[in-house]
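# Notes for the structure review
One letter stands for each residue in the lines below.
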Amino acid sequence: MAIHPTAVVDRSAEIDAEAEVGAYAVIEGNVRIGAGTRIWPHAYVGWGTTIGKRCQIYPFAVVGHHPQDLKWTAAASYTIIGDDTVVREHATIHRGTAPGSATIVGARCYIMSIGHVGHNCVLEDEVKVANSGLLSGHVYVGRGAFVSGNVSVHQFVRIGELAIIGGGLRVPADVPPFMMFAPPGVIGPNVVGMRRAGLSAAERQEIRECHRLLYRGGLRFPEALERVAALVQTEPGRRLLDFLRAPSKRGYCRLRRRGYVGLEVDEETG
């Protein structure tokens, strides 16, 4: 274990013998850091944070500090970072608000410089958040999704697996799995991302057909959902259907051909 003599490390922190802590880094109490992880100089790891193996926490990154939430009562809450995740310079990941709750970042994620992951967010494995991508509290991001630079995601929004969010956009509502979100709205399936993830031609075609029903068929959401349910036969299609059937606090982003992004709100969940 290599801990620089100028690093400030709480005695209760559990740091693997194969981890490294750089100069002037701060490691608070009740922290666990896995084998092969490097905490670069001037990084900060807050109380109650667990960082997996082979992670990289770059200079001036802040992981596990207090949530930016006026409801926080200074109760114990946590931050969990999965294996092989990278947190670049000046990025911030804040711990949960409610007592015992956690902010969770999965394995092999990449949070670029000045990115922000708010309290109680859940990022599944292999999520990418580009420079200055901002996730408000309680945001969910599915496996393999990409949030481009200077994107602002509203609290409680869900972004499905392998979705891609175009740069500089505001995301006010849920983006379904496998879809691309651009200024006009949900413009089509993320074909390149699906191909790279190993989805077959039949699976990609089914997602294309689902997009047509949801966004280009002129159907109201409940009717489109029934049509999607009757259509899907592949596992990715069923995962898309499960996402659409799950409760939504923000409704769904949709396609407006004149460039306006509206909301499709489920009547039961508001």
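Note: the structure precedes this text.
Residues numbered from 1 in each chain as written. Predicted model: local features only at pLDDT ≥ 70, side-chain atom pairs only at ≥ 80, totals over all residues. Heavy atoms only, no water.

With 2 bridges connecting them, strand β25 (residues 164–165) and strand β27 (residues 179–182) associate as parallel partners. Paired with Ile165 across the strands is Phe181, a residue of β27. Bridge analysis of β27 against strand β28 (residues 185–189) gives 4 bridges, and the strand direction is antiparallel. Bridging from a neighbouring strand, Met179 pairs with Pro189 of β28. Remark: 2 residues form the turn of the hairpin made by β27 and β28, two consecutive strands paired antiparallel. (Pairing = 2+ DSSP bridges. Helix = DSSP H or I, 4+ residues; strand = E, 2+ residues; numbered from the N terminus.)

Next up on the list: helix α2 (residues 201–216). The end-to-end C-alpha separation of α2 is 21 Å, in line with the 22 Å expected for 16 residues at 1.5 Å each. Buried within α2 we find Arg204, Glu206, Ile207, Cys210, His211, Leu213, Leu214 and Tyr215. Contacts from the buried residues of α2 go to β27, β28, α1 (191–196), α3 (221–231), α4 (235–245) and β29 (252–253). Note on α2: the residue one or two positions beyond its end, Gly218, has a positive phi of about 70°. (Expected span 1.5 Å × (residues − 1). Buried < 20%, exposed > 50% of the residue type's maximum accessible area, 1.4 Å probe, protein only. Contact = heavy atoms within 4.5 Å.)

This part covers the pattern of salt bridges. Close approach of charged atoms lets side chains of opposite charge pair. Tallying each qualifying case throughout the model produces 12 salt bridges. Notably, a salt bridge pairs Glu89 with Arg88, separated by 3.0 Å at the nearest N-O pair. What makes Glu89 partly exposed here is its relative accessible area of 22%. Relative accessible area serves as the criterion here: at 22%, Arg88 is assigned to the partly exposed category. A salt bridge links Glu161 to Arg239; its shortest N-O distance comes to 2.5 Å. Taken together, the residues span a long stretch of sequence, with Glu161 in the loop between β24 (158–159) and β25 and Arg239 in helix α4 at a distance of 78 residues. Here Arg239 falls in the partly exposed class, since its relative accessible area comes to 30%. (Salt bridge = Lys/Arg side-chain N within 4 Å of Asp/Glu carboxyl O.)

Distances and angles like these do not, on their own, reveal function.
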